[in-house]
Amino acid sequence: MAKPLLRIQRYFCRKPIRFFSLILLYLTAGSLVFLHSGFVGDSGPGGRVGRDSVVASEGGGRASSDTRGLGLMSRVFKETRKSGRRFGPRWMRKSGQGGHDTVGRVGDYTSTWNRALKGRNAKDMDDGRAKYIGCYIDDTQKRALRGVSFFDYKKMTVFRCQDNCAERGYMYAGLEFGAECFCGHKIQAPNASESECNMECKGERSNMCGGANRLSIYRLELSQESARRYGNAIFKGCFHRPDNVTAALPFSAVIQNMSVDKCVDMCTEKEKSLAALAGEQCYCGFPTPLFSLHELEDEDMCLHRCPGEEFESCGNDKFFVVYQTQVQDNRCMDRHFLPARTKQLVALASFPGAGNTWARHLIELATGFYTGSYYFDGSLYNKGFKGERDHWRSGRTICIKTHESGRKEIDAFDSSIVMIRNPYKALMAEFNRKYGGHVGFASQAHWRGKGKEPKTLGHI
């Protein structure tokens, strides 16, 4: 026996490549046998019964009474979820649910409806913040709620949808497909059976969030602040028609089937910050002394139903309903040099880091005129401080930034605005500006310097 083994050993010593090839073939064969045994265990008679039970329950609605078959069917569903395959939209799939529940729910929504009622009782009926209205049909071509919408296929909850719609001033919030939220001021669709709103919310399994093309709709109890909003517009109030409406609100148009949305959208497109509704007339403009929005009228004076929306007020010829659009009023952003050179030089004096540049920004916005500087800072010039490039004695700027403290420099100005800040904060701000720029911060390496210990105010 020893001689044959010795011969084999000598053979493989002379041919090592054949030795390793034989080992590789052996391992491959063992792996195939192991995999085959695994497949045989799943595809035996019991496995076939399980799969047949699934097909029967889906196709003909017949559920097998074989308990072993049901157990294997549950196993099949679990293995399907572990794989990367998807047999429908993501929001239609349920995690952590066995095969028993799947069979019981085929063609039967009674258990789902009971769970929906249990989920709503605690959240909606006793909430006081929102009231459940019902299940409604939703059409992708013609939405039941036509305001803003957003989706979250992982964390959608009833509260989150209600909160987002209430924050924008909408009267209704609706949830669909377990993950989609729609807002609106009016429900424009018929009711559906409550059993059709049978999808659990992705972020909370205890509540229902609509169904396939079905909305679970809630009526919101808006806070006073939220009630002042209408979608992306802010309700400013009811105001008397200005004496010179053409000068106060220069752009206007007659809109058929007038609604708040139509007037606000038109004024937004015209880049005006105010939308004023007067019956079928829509006016757009900016707040001016002719229409300052300082004298509010009783809102009952503006109660006049919009032709296009039953639940909205569109004002009338004498009293306007006014909304503020999303358009920013940029009239104060325009800045110029002084129209005539001045001989009076005004210094804006401060210690470095006291907020001189920020004060310049505010002065320019408030007056519409550029400020100058005793120095030239190219980074500030590139950021819009055009007075940086002018010589500080040019007389074209409303005031001049300076950090100088010498007698000669002080006497060069006729008057001054002195800025004083907490010395500690001023030192910190100046150190950050030196190493991080006007809107940046010094890094930890700058604070530590060359030594190992952090710098203190004594080292700055």
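Rules and cut-offs
- Every chain's residues receive numbers from 1 upward, in the order its sequence appears when written.
- The model is predicted, so local features are restricted to residues of pLDDT at least 70 and side-chain atom pairs to those at 80 or more, both for listing and for counting; the totals for chains, interfaces and linings are taken over all residues.
- In computing side-chain values, all of the structure's heavy atoms are included and hydrogens and water are not.
- Secondary structure elements follow DSSP: runs of H or I no shorter than four residues count as helices, runs of E no shorter than two count as strands, and numbering proceeds from the N terminus.
- For every residue, the accessible area obtained with a 1.4 Å probe (protein chains only) is divided by the maximum for its type, and the residue is called buried under 20%, exposed over 50%, and partly exposed between those limits.
- Residue contacts are counted whenever heavy atoms from the two residues lie within 4.5 Å of one another.
- We get accessible surface area from the Shrake-Rupley algorithm with a probe of 1.4 Å; when it comes to residues, only the shown protein chains can shield them.
- The criterion for strand pairing is that DSSP finds at least two bridges linking the strands in question.
- Lines fitted to the C-alpha atoms define the axes, with helices restricted to the stretch that makes contact. Angles between their N-to-C directions range from 0 to 180 degrees.
- Disulfide assignment relies on a single distance test, namely cysteine sulfur atoms paired within 2.5 Å.
- Residues qualify for a patch when their relative accessible area is over 30% and they have no salt bridge, like charges being joined within 9 Å and the nonpolar side chains of Val, Leu, Ile, Met, Phe, Trp and Tyr within 5 Å.
- Think of a salt bridge as a Lys or Arg side-chain nitrogen and an Asp or Glu carboxyl oxygen that are within 4 Å of each other.

- Under an unreviewed UniProt entry, the chain has the name WSC domain-containing protein 2 and belongs to Ilyodon furcidens.

**Remarks on the overall build of the chain**
Link 1 in the chain: Per the secondary structure count, the chain includes 15 helices and 15 strands.
Link 2 in the chain: Across the 460 residues in the chain, those meeting the buried criterion constitute 36%.
Link 3 in the chain: Partitioning the contacts of the chain with sequence separation of at least 6, the portion at a separation of at least 24 is 67%.
Link 4 in the chain: As displayed, the chain offers around 28100 Å² of accessible surface, 54% of which is attributable to carbon and sulfur atoms.

**What to know about the sheet that holds strand 4 (residues 180-184)**
Link 1 in the chain: Read from one edge to the other, the open sheet built from 5 strands follows the order 1-5-3-4-2, with strand pairing classed as antiparallel. Only two strands of the sheet have a single neighbouring strand rather than two, namely strand 1 (130-137) and strand 2 (149-151). With direction set aside, neighbouring strand axes in the sheet form an average angle of 20°.
Link 2 in the chain: Here strand 1 runs beside strand 5 (residues 214-220); their pairing, made up of 7 bridges, is antiparallel.

**Section: the state of the cysteines**
Link 1 in the chain: Within this structure, the stated rule accounts for 8 disulfides.
Link 2 in the chain: Paired through a disulfide, Cys 201 and Cys 209 show a sulfur-sulfur distance of 1.7 Å. Torsion about the S-S bond of the Cys 201 and Cys 209 cystine: about 90°, corresponding to right-handed handedness. Accessibility assignment for this pair places Cys 201 and Cys 209 in one class, buried.
Link 3 in the chain: Across a sulfur-sulfur distance of 1.8 Å, Cys 238 and Cys 302 are joined as a disulfide pair. On the S-S bond that ties Cys 238 to Cys 302, the torsion sits near 80°, and the link is right-handed. In this pair, Cys 238 sits in strand 7 (residues 233-240) while Cys 302 sits in the loop between strand 10 (281-285) and strand 11 (319-324), placing the two residues 64 residues apart along the sequence. A single burial state applies to Cys 238 and to Cys 302, both of which are buried.

**Topic: the sheet that holds strand 13 (residues 372-373)**
Within a beta sheet, neighbouring strands are joined by backbone hydrogen bonds and run either parallel or antiparallel to one another.
Link 1 in the chain: Taken together, 4 strands build an open sheet; the order of strands is 13-14-12-15 and the sheet is parallel. Every interior strand has two partners, whereas the edge strands, strand 13 and strand 15 (415-419), have only one.
Link 2 in the chain: Where strand 12 (residues 346-350) lies against strand 15, 5 bridges are found, and the strand directions are parallel. In the sheet register, Ala 347 faces strand 15, and the bridge partner there is Ser 416.
Link 3 in the chain: Along the sheet, helix 11 (residues 356-367) contacts strand 12, strand 13, strand 14 (400-402) and strand 15; its crossing angle with strand 12, the most-contacted strand, is approximately 145°.

**Observations regarding a nonpolar patch on the surface**
Link 1 in the chain: On the surface, Phe 20, Ile 23, Tyr 26 and Leu 27 cluster together into a nonpolar patch covering about 480 Å² of accessible area.
Link 2 in the chain: Looking at the element boundaries, Tyr 26 is found in helix 2 (residues 16-42).

**Considerations on unusual backbone geometry**
Link 1 in the chain: Backbone geometry at Phe 177 places phi at a positive 60°, although glycine is not the residue there.
Link 2 in the chain: Phi at Glu 271 takes a positive value of approximately 60°, unusual for a residue other than glycine.
Link 3 in the chain: With respect to the helices, strands and loops of the structure, Glu 271 is situated in the loop between helix 10 (260-269) and strand 9 (274-278).

**Quick word on the pattern of salt bridges**
Link 1 in the chain: The full count for this structure, using the stated rule, is 10 salt bridges.
Link 2 in the chain: Glu 176 is paired through a salt bridge with Arg 143; the nearest N and O atoms lie 3.7 Å apart. In this pair, Glu 176 sits in strand 3 (residues 172-176) while Arg 143 sits in the loop between strand 1 and strand 2, placing the two residues 33 residues apart along the sequence.
Link 3 in the chain: Taking relative accessible area as the criterion, Glu 176 reaches 1% and is therefore assigned buried.
Link 4 in the chain: Taking relative accessible area as the criterion, Arg 143 reaches 22% and is therefore assigned partly exposed.
Link 5 in the chain: Salt bridges linked by common partners bring Asp 138, Arg 143 and Glu 176 together as one network.

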